[in-house]
Amino acid sequence: MTKKELTARGAATRQRIIDAATEEFAQHGIAGARVERIVAAARTNKAQLYDYFGNKEGLFDAIFGASLERIVDVVPIDSSDVPDWAVRLYDEYLEHPSLIRLATWARLERRPAGHLVDEPDRLDDRKLRFIADAQGAGLVRAGEPFDIMALVIGMSMAWSPVSNVYAATAEEPVEVHDARRALLRESVRRAVMTDAQ
């Protein structure tokens, strides 16, 4: 990615590329995404895309990395209420389904096993520290903090766009989502919280 300062017009073009590419990658994956469709939707050209991101893979990496950072910022695990964190993740997947789709494409096309991203790019230190602290306080059941985190995230994705059972949408009735939120909150509470909680 280029390090040069962007003009307001350049920043707007770069953002249009990101927006168009996010949709393209979410729908078609890394291999199926087409630079031609991205630049057409972004109303720019390949030279601009390559100048900003290097290549298609660099563009995917920038978008995926930013989406991971965004969810950490928007849905922090910042209280002793892990069940509520699961519900907030559910809501984020409803509002921004591209995150789950991008992660799924990364899993399918890049990392079929192990961690989804390289060690330096993992953003789960704060979550793992919180879970360990909650375990130390007797609020969260014993177990590897990473495994507790993975279980809660997996439960929050039960109705996500990549569910092999049912993919929910934000357009469904509020009472349907409220019932799922209640079920998710209670299921996570029973699965990972202790009686002290």
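Residues numbered from 1 in each chain as written. Predicted model: local features only at pLDDT ≥ 70, side-chain atom pairs only at ≥ 80, totals over all residues. Heavy atoms only, no water.

Chemist: Looking at this structure, I do not really get the layout of surface pockets. What am I missing?
Modeler: Where empty space is left can be seen by rolling a probe of water-molecule size over the atoms. Volume-wise, the largest pocket comes out at about 820 Å³. Lining the largest pocket are 29 residues; nearest its centre among them are Leu68, Leu116, Lys127, Met149 and Ile153. Of all elements in the fold, only helix 4 (56–74), helix 5 (82–95), helix 6 (98–109), helix 7 (125–136) and helix 8 (145–156) reach the threshold of two or more residues within the lining of the largest pocket. In terms of residue class, the lining of the largest pocket is built from 20 nonpolar, 3 polar and 6 charged. The wall of the second largest pocket is formed by 22 residues, among which Thr22, Ser67, Arg70, Ser98 and Leu102 lie closest to the centre. Every element with two or more residues in the lining of the second largest pocket is listed here: helix 1 (8–32), helix 4, helix 5 and helix 6. For the lining of the second largest pocket, the leading source of residues is helix 1, giving 7 residues. When its residues are assigned to classes, the lining of the second largest pocket shows 10 nonpolar, 6 polar and 6 charged. (1 Å grid on protein atoms, 1.4 Å probe; cavity = no way out; pocket = protein on both sides within 12 Å on 5 of 7 lines; lining within 4 Å. Points joined across faces, edges and corners; volume = space filled by probe spheres on them. Helix = DSSP H or I, 4+ residues; strand = E, 2+ residues; numbered from the N terminus. Nonpolar A, V, L, I, M, F, W, Y, C, P; charged D, E, K, R; others polar.)

Chemist: Teacher, can you tell me more about the pattern of salt bridges here?
Modeler: Close approach of charged atoms allows side chains of opposite charge to pair. What the rule picks out here adds up to 13 salt bridges. A salt bridge links aspartate 84 to arginine 88; the shortest N-O distance between them is 3.3 Å. Of this pair, aspartate 84 and arginine 88 both sit in helix 5, 4 residues apart, roughly one helical turn. For arginine 88, a relative accessible area of 24% corresponds to the partly exposed category. Aspartate 124 is the salt-bridge partner of arginine 122, the closest N and O atoms lying 2.9 Å from each other. Overall, aspartate 124 belongs to the buried group, its relative accessible area being 7%. Residues joined in a network through salt bridges with shared partners are Asp84, Arg88 and Arg185. (Salt bridge = Lys/Arg side-chain N within 4 Å of Asp/Glu carboxyl O. Buried < 20%, exposed > 50% of the residue type's maximum accessible area, 1.4 Å probe, protein only.)

Chemist: Sorry if this is basic, but what is going on with the packing of helix 1 against helix 4 here?
Modeler: Each pair of packed helices can be summarised by the angle the axes make with each other and by the distance between the axes. For the pair helix 1 and helix 4, the least separation of the axes is 10 Å and the interaxial angle reads 105°. Here helix 1 lies roughly perpendicular to helix 4, going by the angle between them. Only Lys56, Leu59, Phe60 and Ile63 of helix 4 make contact with helix 1, whose side of the interface consists of Ile17, Ile18, Ala21, Thr22, Phe25, Ile30 and Ala31. A breakdown of the residues in the contact of helix 1 with helix 4 according to their chemical character gives 9 nonpolar, 1 polar and 1 charged. (Axes fitted to C-alpha atoms, helices over the stretch in contact; angles between N-to-C directions. Parallel < 35°, antiparallel > 145°, perpendicular 65-115°, else oblique. Contact = heavy atoms within 4.5 Å.)

Chemist: Sorry if this is basic, but what is going on with the environment of glutamate 23 here?
Modeler: In this fold, glutamate 23 is placed in helix 1. We classify glutamate 23 as partly exposed; its relative accessible area is 48%. Taking C-alpha positions, glutamate 23 is 34 Å from arginine 189, a pair spaced 166 residues apart along the chain.

Chemist: So what exactly am I meant to see when it comes to the packing of aromatic side chains here?
Modeler: The description of an aromatic ring pair rests on the distance of the ring centres and on the angle between the ring planes. With the rule as written, the count across this model stands at 4 aromatic pairs. For the ring pair tyrosine 90 and tryptophan 159, a centre distance of 5.7 Å and an interplane angle of 90° mean the geometry is edge-to-face. On the criterion of sequence distance, the pair formed by tyrosine 90 in helix 5 and tryptophan 159 in the loop between helix 8 and helix 9 (174–192) is long-range, its members being 69 residues apart. Neither tyrosine 90 nor tryptophan 159 differs from the other in exposure class; each is buried. Taken together, the ring pairs in this structure connect Phe25, Phe60 and Phe64 into an aromatic cluster. (Phe/Tyr/Trp six-rings, centres within 6.5 Å; stacked < 30°, edge-to-face > 60°.)

Chemist: I'm lost on the side chain of serine 156 in this one. Help?
Modeler: Along the polypeptide, serine 156 turns up in helix 8. Of the polar contacts made by the side chain of serine 156, one reaches the backbone oxygen of isoleucine 153; its length is 2.6 Å. With sequence-adjacent residues up to four places away left out, serine 156 is seen in contact with Ala86, Leu89, Tyr90, Tyr93 and Leu184. (Polar contact = N/O pair within 3.5 Å; in protein donor to acceptor, adjacent residues only side chain to side chain.)

Chemist: Teacher, can you tell me more about the environment of alanine 191 here?
Modeler: Here alanine 191 shows up in helix 9. On the basis of relative accessible area, alanine 191 is assigned to the partly exposed category, the value being 23%. Linking alanine 191 and isoleucine 148, residues 43 residues apart in sequence, is a C-alpha distance of 9.2 Å. Alanine 191 has contacts with Arg141, Leu151 and Met155, leaving out every residue within four places of it along the chain.

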